[in-house]
Amino acid sequence: KPHDEKPRQLGGTVHVHPNGRFVYMSNRADGTVDSSGTPVFNGGENTIAVYAIDAATGQPTLIQAEDTRGIHVRTFAIDPSGRVLVAGNMRIRNVQENGTVRSVPGGLSVFRIGADGHLTFASKLDVDVGRGNLFWMGMVALPES
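Description of the structure in this document. (Residues numbered from 1 in each chain as written. Predicted model: local features only at pLDDT ≥ 70, side-chain atom pairs only at ≥ 80, totals over all residues. Heavy atoms only, no water.)

Comments concerning the sheet that holds strand β5 (residues 47-53)
Stage number 1. The 4 strands lie next to each other as β1-β2-β5-β6, forming an open sheet whose pairing is antiparallel. Of all strands in the sheet, those bounded by a partner on one side alone are β1 (9-16) and β6 (60-67). Within this sheet the neighbouring strands show an average axis-to-axis angle of 25°, counted without direction.
Stage number 2. Note that β1 and strand β2 (residues 22-29) share 6 bridges and pair antiparallel. (Pairing = 2+ DSSP bridges. Helix = DSSP H or I, 4+ residues; strand = E, 2+ residues; numbered from the N terminus. Axes fitted to C-alpha atoms, helices over the stretch in contact; angles between N-to-C directions.)

Right, dumping it as C-alpha cells:
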C-alpha cells in the first residue's frame, strides 16, 4: 500500500515456491499510536506479497497481497510440497476498531497455495507470546516410512 505508508513498515522474509514460478515476501508492521493512553496499532501492512515470475525474463509481477490476520509477520515457510504456507505473526498489539480496543495475539496463519500461486486463508492458531515474540518458525519434510 505505497499510498498509505506508516512508520515501522518493513520488508521481510522472501521464499521461492518449490516450482520456481512464484516468489513470496512478507510485509510487516507493528508501529503504534496513542489512543487515550493506550498504545494501538497504527494500521501498517501485514501481508504476504505474491509475485508471479516470468519464465523468459525472470521479471516478477505482483499478483496478490494477502493479509496474515496478525501483527508483524516476522517469518513464514512453505511446505516442501508447495501446497501450504504458514506465516508467523510475532507480536501482540492492541487495535482500535469502531471506537473499541481489542488485542490481536501473535500466532501462526495457515494458507493454501493454489496452482496459480495465490494464497487462500485456511486458519490462524493464536500463540500466547507473553512479553516475548514469536521470532522464528519453519517446516520440514518427514522421511517416508
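Remarks on the environment of Gly44
Stage number 1. Note on placement: Gly44 falls in the loop between β4 (38-41) and β5.
Stage number 2. Of the residues examined, Gly44 reaches a relative accessible area of 15% and is grouped as buried. (Buried < 20%, exposed > 50% of the residue type's maximum accessible area, 1.4 Å probe, protein only.)

Details of the side chain of Asn42
Stage number 1. For Asn42, the location among the structural elements is in the loop between β4 and β5.
Stage number 2. Polar side-chain contacts of Asn42 include one of 3.2 Å to the backbone nitrogen of Gly44. (Polar contact = N/O pair within 3.5 Å; in protein donor to acceptor, adjacent residues only side chain to side chain.)

Side note on the pattern of salt bridges
Stage number 1. A full pass over the atoms with the stated rule returns 5 salt bridges.
Stage number 2. When the shortest N-O distance is used, the salt bridge between Asp30 and Arg93 registers 3.9 Å. Of this pair, Asp30 sits in the loop between β2 and β3 (32-35) while Arg93 sits in strand β9 (residues 93-97); the two residues are 63 residues apart in sequence, bridging distant segments of the chain.
Stage number 3. With relative accessibility at 2%, the residue Asp30 sits in the buried group.
Stage number 4. The salt bridge partner of Arg69 is Glu66, with a shortest N-O separation of 2.9 Å.
Stage number 5. Among the residues examined, Arg69 registers a relative accessible area of 35% and is labelled partly exposed.
Stage number 6. When its relative accessible area of 14% is taken as the criterion, Glu66 is described as buried.
Stage number 7. Through salt bridges with shared partners, a single ionic network connects Asp30, Arg91 and Arg93. (Salt bridge = Lys/Arg side-chain N within 4 Å of Asp/Glu carboxyl O.)

Digging into the layout of surface pockets
Stage number 1. What the largest pocket holds in volume is close to 240 Å³.
Stage number 2. Phe41, Gly44, Asp67, Gly70 and Ile71 are the residues nearest the centre of the largest pocket, which is lined by 15 residues in total.
Stage number 3. When contributions to the lining of the largest pocket are tallied by element, the ones reaching two or more residues are β9 and β10 (100-104).
Stage number 4. Among the residues forming the lining of the largest pocket, the class breakdown is 4 nonpolar, 5 polar and 6 charged. (1 Å grid on protein atoms, 1.4 Å probe; cavity = no way out; pocket = protein on both sides within 12 Å on 5 of 7 lines; lining within 4 Å. Points joined across faces, edges and corners; volume = space filled by probe spheres on them. Nonpolar A, V, L, I, M, F, W, Y, C, P; charged D, E, K, R; others polar.)

Concerning the sheet that holds strand β8 (residues 84-91)
Stage number 1. The strand order across the open sheet built from 4 strands is β7-β8-β11-β12, with neighbouring strands paired in antiparallel fashion. Looking at which strands have only one partner, the edges of the open sheet turn out to be β7 (71-78) and β12 (119-127). Neighbour-to-neighbour, the strand axes of this sheet turn through a mean angle of 25°, independent of strand direction.
Stage number 2. Direction of pairing for strand β11 (residues 106-113) relative to β12: antiparallel, over a ladder of 8 bridges. Across the sheet, Arg112 pairs through a bridge with Thr120, a residue of β12.

Remarks on the nonpolar core
Stage number 1. Ranked by size, the top nonpolar core spans 12 residues in total: Phe22, Tyr24, Ile48, Val50, Val73, Phe76, Ile78, Leu85, Ala87, Phe111, Ile113 and Leu119.
Stage number 2. Those elements that provide at least two residues to this core are β2, β5, β7, β8 and β11.
Stage number 3. Ranked by residues supplied to this core, first place goes to β7 with 3 residues.
Stage number 4. Setting aside residues no more than four positions away along its own chain, Val50 makes contact with Val23, Tyr24, Thr61, Leu62, Ile63, Gln64, Gly117 and Leu119. (Core = buried A, V, L, I, M, F, W, Y, C linked by side-chain atoms within 4.5 Å. Contact = heavy atoms within 4.5 Å.)

Such coordinate-based values are descriptive only and should not be taken to indicate function.
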